[in-house]
Amino acid sequence: MATVETKSTESSHHPEKQLSTHHIPDHEGEVHFTPPLYRQRYQFALDIIQNDPSLYSLLDIGCGTCQLLTIGKYRNPHIQLVAALDIVRSQLDEACFRLKPLPVEYISFRRETPLHMYILHGDATKVCNCFYNFDVVTLIEVIEHLYINDLENLITHVFGYIRPRLVIVSTPNADFNVLFSTMPCGQFRHMDHKFEFTRQQFCLWAQQTAANYNYLVEFSGVGEAPPSERHRDVGACTQIAIFYQQEMNPQSSLTSNELFQRLSYCKQHEVVGLIDYPYGIKKTTEIHEQIRYILEMYRLVAQDKARHGDDNHDTFPLTVNCQTLLNHPRLVDSKLTLEELKQIIGSIGYKLLDHNRIILAEDLQTHPHDDDDHEHEHCSTNHSNDFVKNTCHNSQNEESWD
């Protein structure tokens, strides 16, 4: 197995990417990314939104189970109004459960600014005035699920009526498909895809859309191919277009009360859930308790993934690397050294393995502490891409290379 490192070149508007590591099997096999490709897409979108603190409201079209918002709800404090829209009702019920604040969040605040979140069932291809004046619209892996006439209606709705300042669109790159040894769904990556753009097709479509509605467009992608002679011309697995409104007319921000009033008269959209997140000044917590809390969250996430066979969390004991802990947003400003961290780990009852790995759980039931009731938090992951043989079975509910 060969290992190479590369750093992609991005526009100055885009977040910098860390070095990517690609593991290439000696034989043809499926492509697998670490972190999973869907997380890389969401992280990219959140980074773009973070670049402009003046953005206030976000509309996530085709939100599914709201994984983007689950990851980002504590990420960008300037986003204070969110609407999540999907046409599949069952996924929105799961989204409401996923996004609901836990009781501990009313005691120890994780946001210093308000966040009003609307979970909506409806069809985004039909024009509706409810969403006019939203600052950001995200279309993450949405357009390829639409027939061309429905796609045209969606674009008219988003760019012609909503008129957001920022639009982020991601879609599969058909040029990358040559790296897959098999295509379980035939011509496309997923059974519900109606088309998949090549890079040239996507570029032409995005540029024409930008010209029609007076936007600027930039291109990027996630899930880079290894920089070898064989793969150099396929591009990224997911291609992304970032649209910026050129007019930038000064206008007041859409408020939660105004959106609520619009929706109360709307016949096209059902409000499945309305969540107001607790907020306030964050209290300083002793470093020992911060570390105990973070490890407990890592344990809960790892055990959940092990139960579902996700992300290779299928071997025990479940562990996390000390460096991952040191890079956690709650600890990065503490300037802890590795040795100081290891002393604290021992003092709060956790065990260390060789190579500085902390034992989170010996199996799916046991864990070092049962006395604390904590909230769910996604662990930080070093952004790299791994090409390995994917032995997991294919699921029609998610793209197998995600």
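An unreviewed UniProt entry annotates the protein chain as Small RNA 2'-O-methyltransferase originating from Adineta ricciae. Under Sequence similarities (unreviewed entry), UniProt gives the following word-for-word description of the protein chain: "Belongs to the methyltransferase superfamily. HEN1 family." Word for word, the UniProt comment on the protein chain under Cofactor (unreviewed entry) is "Mg(2+)".

A. Inspection of the overall build of the protein chain at higher detail. Of the regular secondary structure elements, the protein chain holds nine helices and 13 strands. Residues counted as buried form 50% of the 402 residues belonging to the protein chain. In the protein chain, the share of contacts with a sequence separation of at least 24, taken over all contacts with a separation of at least 6, comes to 81%. In the form shown here, the protein chain has an accessible surface area of approximately 19700 Å², with 50% of it arising from carbon and sulfur atoms.

B. Spatial organisation of the nonpolar core. Within the largest apolar cluster, 43 residues are counted, with the highest numbers of intra-cluster contacts made by Leu-69, Met-117, Ile-119 and Phe-176. With eight residues, the single largest contributor to this core is helix H1 (residues 37–50). Setting aside its immediate chain neighbours within four residues, Leu-69 contacts Leu-58, Asp-60, Val-82, Ala-84, Leu-99 and Met-117. In terms of nonpolar packing, the next biggest core, distinct from the first, is built from 38 residues, Leu-85, Val-142, Val-169 and Trp-205 among them.

C. Representation of the sheet that holds strand E4 (residues 81–86) in the model. In spatial order, the strands read E8-E9-E7-E6-E3-E4-E5-E10; together these eight strands make up an open sheet with mixed pairing. Either end of the sheet is taken by a strand with one partner, and the two such strands are strand E8 (215–222) and strand E10 (270–276). Sheet twist, expressed as the mean angle between neighbouring strand axes with direction ignored, is 15°. Bridge analysis of strand E5 (residues 116–121) against E10 gives six bridges, and the strand direction is antiparallel.

D. Main features of H1. Taking 1.5 Å per residue as the helical rise, H1 with its 14 residues ought to reach 20 Å, and the 20 Å between its terminal C-alpha atoms agrees with that figure. By the criterion of burial, H1 is predominantly enclosed, with 12 of the 14 residues buried. Among the residues of H1, Leu-37, Tyr-38, Arg-39, Gln-40, Arg-41, Tyr-42, Phe-44, Ala-45, Leu-46, Asp-47, Ile-48 and Ile-49 are the ones counted as buried.

E. Structural detail: the side chain of His-157. The topology assignment puts His-157 in helix H4 (residues 148–162). Within the structure, His-157 has its side chain in polar contact with the backbone oxygen of Ala-124 (distance 2.7 Å). Setting aside residues no more than four positions away along its own chain, His-157 makes contact with Ala-124, Lys-126, Val-127, Cys-128, Phe-131 and Ile-162.

F. The packing of H4 against helix H5 (residues 199–213), seen in detail. Relative orientation of the contacting elements H4 and H5 amounts to 45°, with a least axis distance of 11 Å. Relative to H5, the element H4 lies oblique. Judged by the sense of rotation from one axis to the other, the crossing of H4 with H5 is right-handed. Residue-level inspection shows Leu-151, Ile-155, Thr-156, Phe-159 and Gly-160 of H4 in contact with H5, the latter providing Trp-205, Thr-209 and Tyr-213. Tallied by class, residues from the contact of H4 with H5 come to five nonpolar, three polar and no charged.

G. Structural view of the pairing of strand E6 (residues 136–140). Burial runs high along E6: five of the five residues are buried. Burial along E6 is two-sided: the residues Val-136, Thr-138 and Ile-140 and Val-137 and Leu-139 are all buried. Both strand E3 (residues 57–61) and E6 contribute to a ladder of three bridges, which runs parallel. Bridge pairing in E6 places Asp-60 opposite Thr-138. By the bridge criterion, five bridges tie E6 to strand E7 (residues 166–172) in an arrangement that is parallel. Bridge assignment links Ile-140 to a residue of E7, and that residue is Ser-170.

Definitions and cut-offs
- Residues numbered from 1 in each chain as written.
- Predicted model: local features only at pLDDT ≥ 70, side-chain atom pairs only at ≥ 80, totals over all residues.
- Heavy atoms only, no water.
- UniProt positions renumbered as here; feature names shortened; annotations may be inferred.
- Helix = DSSP H or I, 4+ residues; strand = E, 2+ residues; numbered from the N terminus.
- Buried < 20%, exposed > 50% of the residue type's maximum accessible area, 1.4 Å probe, protein only.
- Contact = heavy atoms within 4.5 Å.
- Areas by Shrake-Rupley, 256 points an atom, 1.4 Å probe, with all protein chains shown as cover.
- Core = buried A, V, L, I, M, F, W, Y, C linked by side-chain atoms within 4.5 Å.
- Pairing = 2+ DSSP bridges.
- Axes fitted to C-alpha atoms, helices over the stretch in contact; angles between N-to-C directions.
- Expected span 1.5 Å × (residues − 1).
- Polar contact = N/O pair within 3.5 Å; in protein donor to acceptor, adjacent residues only side chain to side chain.
- Parallel < 35°, antiparallel > 145°, perpendicular 65-115°, else oblique.
- Left-handed = near helix turned anticlockwise from the far one by under 90°.
- Nonpolar A, V, L, I, M, F, W, Y, C, P; charged D, E, K, R; others polar.

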